[in-house]
Amino acid sequence: PPPRIHRLGELQLQLLKVLWDRQEATVADVHLALASQRPLAYTTVATMLRKMEARGLVRHRVDGRSFIYRAAV
């Protein structure tokens, strides 16, 4: 089958770039990485990562009480 094409918003692309650079990151890591570029609430980053996971763009594993995200694309 042909490769799947994902349409990404600007914020989704920024989140993926952080994950591509770091391989894995918590919500707090991603939030901190984007803080200098764009003022975002921690909950916004968490919500976006959760929605992106539902679309198959990212995956997570659990480490204690933290979700560690990684890019799936």
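One structure accompanies this document, and this report is about it.

**Brief notes about the overall build of the chain**
Part 1: Scanning the chain for helices and strands turns up 3 helices and 2 strands.
Part 2: Counted from the first residue to the last, the chain has its helices and strands arranged as α-α-α-β-β.
Part 3: In terms of C-alpha radius of gyration, the chain reaches 12 Å, essentially the compact-globule figure of 11 Å for 73 residues.
Part 4: With respect to the three principal axes, the spread of C-alpha positions in the chain is 35 × 30 × 20 Å.
Part 5: Relative to its full complement of 73 residues, the chain shows a buried share of 30%.
Part 6: If you take every contact in the chain between residues at least 6 apart in sequence, the share linking residues at least 24 apart comes to 46%.

**Regarding the pairing of strand β2 (residues 66-71)**
Part 1: In this sheet, β2 lies alongside strand β1 (residues 58-63) in antiparallel orientation, the contact comprising 6 bridges. Its bridge partner being in β2, V58 is matched across the sheet by A71.
Part 2: What sits between the antiparallel neighbours β1 and β2 is a turn of 2 residues, in which G64 has the positive phi angle 70°.

**Thoughts on the packing of helix α2 (residues 27-35) against helix α3 (residues 42-54)**
Part 1: Between α2 and α3, the least distance of the axes is 9 Å, while the angle of their chain directions is 120°. When the axis of α2 is compared with that of α3, the two are oblique. Remark: the crossing between α2 and α3 carries right-handed chirality. Side by side, α2 and α3 meet where V27, A28, V30 and H31 of the first sit next to Y42, V45, A46 and L49 of the second.

What counts, and where the lines are drawn
- Residues numbered from 1 in each chain as written.
- Predicted model: local features only at pLDDT ≥ 70, side-chain atom pairs only at ≥ 80, totals over all residues.
- Heavy atoms only, no water.
- Helix = DSSP H or I, 4+ residues; strand = E, 2+ residues; numbered from the N terminus.
- Rg over C-alpha atoms; globule rule 2.2 N^0.38 Å.
- Buried < 20%, exposed > 50% of the residue type's maximum accessible area, 1.4 Å probe, protein only.
- Contact = heavy atoms within 4.5 Å.
- Pairing = 2+ DSSP bridges.
- Axes fitted to C-alpha atoms, helices over the stretch in contact; angles between N-to-C directions.
- Parallel < 35°, antiparallel > 145°, perpendicular 65-115°, else oblique.
- Left-handed = near helix turned anticlockwise from the far one by under 90°.

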